[in-house]
Amino acid sequence: MTSTFTATVLGSPRIGPRRELKKAVESYWAGRLDASALDAVARDLRTQSWTDLRDAGIDSVPVNVFSYYDQMLDTAAMLGALPERVAGEPTALDRYFAAARGTATITPLEMTKWFDTNYHYLVPEITASTRFTLDPSKVLGEVAEAQALGIAPRPVLIGPVTFLLLSKATDFESSLLSRVGELLPLYAALLGLLVDAGVEWVQIDEPGLVADRTESEIATATAGEVYRALSALEHRPAILLASYFGDLGAALPTLARTGVEGLAIDLVAGDPETLAGIPELAGKHLVAGIVDGRNIWRNGLAESLTTLETLRESVGSVAVSTSCSLLHVPYSLESETGFDDALRSWLAFGSEKVREVTTLATGLRSGREAVAAELAQAAAAQATRAADPRLHDQAIRKRLATLRASDDGRSPAAERREVQAAVLPLPQLPTTTIGSYPQTTAIRVARAALRKGEIDEAEYVRRMRGEVADVIALQERLGLDVLVHGEPERNDMVQYFAEQLDGFFATSNGWVQSYGTRCVRPPILFGDVRRPQPMTVEWTSYAQSLTAKPVKGMLTGPVTILAWSFVRDDQPLSESADQVALAIRDETVDLEAAGAQVIQVDEPALRELLPLRAADQPAYLDWSVGAFRLATSGVADATAVHTHLCYSEFGEVIGAIAGLDADVTSIEAARSRMEILDDLNSVGFDLGVGPGVYDIHSPRVPSVEEIADSLRAALRAVPVERLWVNPDCGLKTRGRAEVEASLRNLVAATELVRAEL
Ligand code: GLN
Ligand code: ZN
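All figures in this text were calculated on a predicted structure; none of them were measured in a lab. (Residues numbered from 1 in each chain as written. Chains lettered and ligands numbered in written order. Predicted model: local features only at pLDDT ≥ 70, side-chain atom pairs only at ≥ 80, totals over all residues.)

Asks: Even after reading the chapter, I still don't get the overall build of the chain, so can you show me in this structure?
Replies: On a plain count of helices and strands, the chain comes out with 26 helices and 20 strands. Relative to the compact-globule value of 27 Å for 757 residues, the chain shows a C-alpha radius of gyration of 27 Å, a close match. Expressed as lengths along the three principal axes of its C-alpha atoms, the size of the chain is roughly 80 × 60 × 50 Å. Per-residue burial over the chain gives 48% buried out of 757 residues. Taking as baseline every contact in the chain between residues at least 6 positions apart, the subset at least 24 positions apart corresponds to 77%. (Helix = DSSP H or I, 4+ residues; strand = E, 2+ residues; numbered from the N terminus. Rg over C-alpha atoms; globule rule 2.2 N^0.38 Å. Buried ≥ 20, exposed ≤ 12 C-beta atoms within 10 Å, placed from the backbone. Contact = placed C-beta atoms within 7 Å.)

Asks: How should the nonpolar core be read in this particular structure?
Replies: A general trend in soluble globular proteins is that nonpolar side chains are found buried together. In terms of nonpolar packing, the biggest core is built from 216 residues, with Ala288 and Val320 touching the most fellow members. Ranked by residue count, the leading element in this core is helix α21 (residues 573-593), at 7 residues. Apart from the residues within four sequence positions on either side, valine 320 is in contact with Thr6, Ala7, Ala288, Ile290, Leu308, Val357, Leu360, Ala361 and Leu364. (Core = buried A, V, L, I, M, F, W, Y, C linked by C-beta atoms within 7 Å.)

Asks: Before we go on, may I ask you to explain the sheet that holds strand β9 (residues 262-266) in this structure?
Replies: In sheet architecture, strand pairing relies on hydrogen bonds along the backbone and comes in two forms, parallel and antiparallel. Spatial strand order, β1-β5-β7-β8-β9-β10-β11: 7 strands in an open sheet with parallel pairing. Each edge of the open sheet is held by one strand with a lone partner, namely β1 (61-63) and β11 (317-322). With direction set aside, neighbouring strand axes in the sheet form an average angle of 30°. Together, β10 (285-291) and β11 form the strand contacts of helix α10 (residues 302-315), whose direction differs from that of β10 by roughly 165°. Contacting β10 and β11, helix α12 (residues 350-366) crosses the sheet at an angle of about 160° to β11. (Pairing = 2+ DSSP bridges. Axes fitted to C-alpha atoms, helices over the stretch in contact; angles between N-to-C directions.)

Asks: What's the story with the UniProt feature "binding site: Zn(2+)" (unreviewed entry) in the chain in this structure? I'm lost.
Replies: Here, the residues flagged by UniProt with the feature "binding site: Zn(2+)" (unreviewed entry) are His644, Cys646, Glu668 and Cys729. What stands out for the annotated residues spanning 86 residues is how close their C-alpha atoms remain, the widest pair being 8.4 Å apart. If you trace the backbone, cysteine 646 turns up in the loop between β18 (640-645) and α23 (654-660). A count of 22 C-beta atoms within 10 Å places cysteine 646 in the buried class. Here cysteine 646 is in contact with Pro604, Glu668, Asp728 and Cys729, once residues within four sequence places are set aside. Mapping glutamate 668 onto the fold places it in the loop between β19 (664-667) and α24 (675-682). Looking at glutamate 668, the number of C-beta atoms within 10 Å reads 24, which means it is buried. (UniProt positions renumbered as here; feature names shortened; annotations may be inferred.)

Asks: Can you help me understand helix α2 (residues 35-56) in this one?
Replies: An α-helical turn contains 3.6 residues, so a residue and the one three or four places further along point in the same direction. With 22 residues, α2 extends 32 Å from end C-alpha to end C-alpha; this agrees with the ideal 32 Å at 1.5 Å per step. One or two positions beyond α2, positive phi appears at glycine 57, with a value near 105°. (Expected span 1.5 Å × (residues − 1).)

Asks: Hey, could you run me through the site of ligand 1 in this one?
Replies: Near ligand 1, the surroundings consist of 13 residues, among which Ile434, Gly435, Ser436, Pro604 and Gly730 are the closest. Here the shell around ligand 1 is composed, by residue class, of 6 nonpolar, 4 polar and 3 charged. (Near = placed C-beta within 6 Å. Nonpolar A, V, L, I, M, F, W, Y, C, P; charged D, E, K, R; others polar.)

Asks: Could you clarify how one ought to interpret the environment of tyrosine 68 in this entry?
Replies: By secondary structure assignment, the location of tyrosine 68 is in the loop between β1 and α3 (71-78). C-alpha of tyrosine 68 to C-alpha of threonine 517: the two residues are 449 residues apart in sequence and 8.5 Å apart in space. Those residues in contact with tyrosine 68 that sit more than four places away from it in its chain are Val25, Ala42 and Tyr96.

Next up, the structure:
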């Protein structure tokens, strides 16, 4: 009989408390660190992470959650499914990184969002000729490493169903799930190797089953077969089947009927009530994900304990856990210095969450008295949070209620188009860019110097103005029609606004991995949102003072600001979205008053927050579109509202794009070869549109002919009066020279196509 455990987490952050892994990997890429030195950094980080968990009282430690880049890529490597084109690279590590980020001659795998989080995974490519083979070296290596430290490891694997659901079939039609039979023997062999290595429990992650997909019934049936087969194996560790980010729905009873020993369930995103009606759960070890792995609020503890006690009555064997991997939250509150005491007491980052898990496990095992002090502290923190005046600003709430009750002020789009054309005549096929220009070394140096106090605010502003002037001059030289100021003053398109709005706190070290070595520091939305003063007007006005061409005001929309922040959990997201929208609305009105004729409000994350289950999607689209309109309907008809959307697959949100009612929508299209325009046509979209004519994710300079061809293709789908010309996205990550060359070709291609009209 396997022993059960009482306290665990589903996974840990891996980038390092001081982003040590980021620095090491980037040094390796730059040739400044060799593979063995990189390995040493990685090993230290793993050791630290595992021993911290053990010392905190976690009695089942997850391993194989470390990654040099991404866990889906690790799984592809483990299953022999890296793309053919990396085969020529000299070492396994080089093949791995080539698949992740490409080389001069190799295109990397595509990257996309991991469920509804802001983490991006690499999408494995499976071809008809892919022959899966098992390479267990990484997972066995981590198992041995942990054992050498005296830690009993629980290796974590991505399950075969989720692996296939999230991969991409590149050259064959049938569902990838039909290939699960090829993976089963590999997983079976791996389970055998793990049990031989002395592993008691293995965690197999199947978050793919929480989403509705067209294939959801097939996925459930397939998962049922897979886990019946794997659990029927004699030579294997106990299996903990983990799901997160939502309810398993119909998949839960199916999985509970298989012979797996444990199920990890997300009780934060999912509803604990759904567990009650499933008698098959009675024999299982239930790993209750009650501590939120994705948001940063302190757990209520007392209430959680009640839920856990109830579960134990119906299920029997319960362990306490986080709802998902702690990959999605920063390491620890300890390195934060800027929070006031109240705010600090409301929060829990990674290591604080680990303590919550062990506290709850102790309470469950030994009774509430054993953790009375912790329960009291958590309750006291909750009480101060509920009473904090910053959370309820009546003036803001009243203004919102009044605005919601009134009609929004803009006339129908066709009328607006006429007014705008009269006040701001533009050539056919107007050219523009999405907002940011390359973030040069000078910009980064100035920002670092300001942070360290080496230069003052005035000097920083002086340098950034210089950057703005350069970018304006460049755009005039290139002959673009609608200019931008280039966003040099923005560290990040969300953080920049959050730092200026009341109701948000910025962290000093709250890094969260976004993809590969890229980390973000999401701000924390904790209170009612107020804009104490204009945020962008001076920059836009300064840029406008340098040119006779129109300069676009540039703002981030409410949905994106929320998507890339940690949000409050004490009111519906729709409520928070409207408050942010109100602040953005005030900014658009101020920009207009300062003379801006075009204002762009970016919503690249509109698709990202879309709920995983279809049933929840209409309500989301309703409030998110509503918030955008609230943010953009304060300006006159003569002011053109633009928006920008990216991340290729729009799917369910296509209809909502029309609902945004922006005068012009610039949208990522280059990689999908303008197909987005047909999708927009199919939902009756008849507003201005700027389908990206070249992919900015690569340093390649597109030729004039290539861009002209894209434009001709676009003109087959959209009448010329509605078509704009722009790149796919902002140019922040690109080099100055390639940007200049690409935009020169963009303008030339536009002139070529204009001549054909
Ligand atoms: N205006 C932003 C930029 O140009 C938009 C970025 C984005 O879409 N992610 O950088
Ligand atoms: Zn974009």
